[in-house]
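This is what each chain is made of:
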Amino acid sequence: MRVSGIILAGGLSSRMGTDKALLPLGEGNVIQVIVSELSKAVDVVSIAVGKGYREEFAELGHVQAVDLYPECGPLAGLHAGLTANRGARPSGAGGWSLSVPCDTPLVRSELFKALIKYAEQQENSCCQAIVPVIEGQTHPLIAMYQDSVIPILEQQLEAGKRRVMDILSQISVRYITEHELSVNAGLPWTAPRVSEMFVNMNQKEDYERIKKRYGLKGI
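Note that this is a predicted model, so its numbers are computed, not measured.

Caption draft 1: Summary view of the environment of Asn85. By the element assignment, Asn85 lies in helix α2 (residues 73–88). Sequence spacing of Asn85 and Trp96 is 11 residues, and the spatial spacing of their C-alpha atoms is 8.8 Å.

Caption draft 2: Summary view of the pairing of strand β4 (residues 44–50). Buried residues dominate β4, accounting for six of its seven residues. Pairing analysis gives five bridges linking strand β1 (residues 3–8) to β4, with the strands arranged parallel. Paired with Ile6 across the strands is Ser46, a residue of β4.

Caption draft 3: Geometry of the state of the cysteines. For the structure shown, the criterion picks out zero disulfides. Of all cysteine sulfurs, the one in Cys102 lies closest to Cys72, which takes part in no disulfide; the gap is 18 Å. For Cys126, which is in no disulfide, the shortest distance to another cysteine sulfur is to Cys127 and amounts to 7.2 Å.

Caption draft 4: Main features of the pattern of salt bridges. Counting across every chain of the model gives nine salt bridges. In this structure, the salt-bridge partner of Asp103 is Lys20, at a minimum N-O distance of 2.8 Å. Remark: Lys20 occurs in the loop between β1 and β2 (24–25) and Asp103 occurs in the loop between β6 (96–101) and α3 (109–121); sequence separation between them is 83 residues. For Asp103, a relative accessible area of 6% gives the class buried.

Rules and cut-offs
Residues numbered from 1 in each chain as written. Predicted model: local features only at pLDDT ≥ 70, side-chain atom pairs only at ≥ 80, totals over all residues. Heavy atoms only, no water. Helix = DSSP H or I, 4+ residues; strand = E, 2+ residues; numbered from the N terminus. Buried < 20%, exposed > 50% of the residue type's maximum accessible area, 1.4 Å probe, protein only. Pairing = 2+ DSSP bridges. Disulfide = S-S within 2.5 Å. Salt bridge = Lys/Arg side-chain N within 4 Å of Asp/Glu carboxyl O.

In C-alpha cells form, the structure reads like this:
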C-alpha cells in the first residue's frame, strides 16, 4: 500500500514567539527530527507550509504544499498536503496520507508504522481515516486520511468551517486507542510512551520540558 506523509508547518507559532519547526533539537531542529522519523515509514513526504514557499525548508528536499485556502488553519494545511500527495501519485491511483504537526518532536517511526498497519487492515472497507484517541483525547492531526476526504475538506473550507474535528463527523473514521497503539507499535524501551508522542509545543515552557526530557544531543 502506498502511503505518503504530510508535515503541517503552516502555523504562525504566535504563542511560542518564534517558528516552532526551526527550534534547535538533537543534531538539527524540530522539523528535521520529524522528517527523519516520518521518512522511515512513508514513501513520500510533503510539507504544508501555509500561504507561501519557505526557503528555510528547502534543504529538507521535500515538496512544499502551499495552502489553496490561505489563513484557514490546519484544516487548510491538511487539504494542501493531501492534494499535493494525490498529485504525486500515478493518475487514478488513490492512497493514504499520514499527517503530523511540526511541533510534536517526540513522535517515532514505530508509531507511524502502527497507524499504517491499521490503514492496511481497512484497505477493502469504506474507512477514510485512522484517528488515535489518547487518554480520552482525539488527535485528528496525527492521523491517516484517504484521498477521498479531499472533496469533503473543500466543502468545509468553502463553507468557512475550519475546525478539524468537524470533518470527522462527515467521514468514515476508525478510532484507535492508546492501548491498541501501544500493543502494535513495537516501541523500543528507550522510546517515549505512546501518550508522550502526542505532546506538542505551544509555548516556551513546553519546548524547555522537551529539551530536559531528551537533551540537545539527540532524542
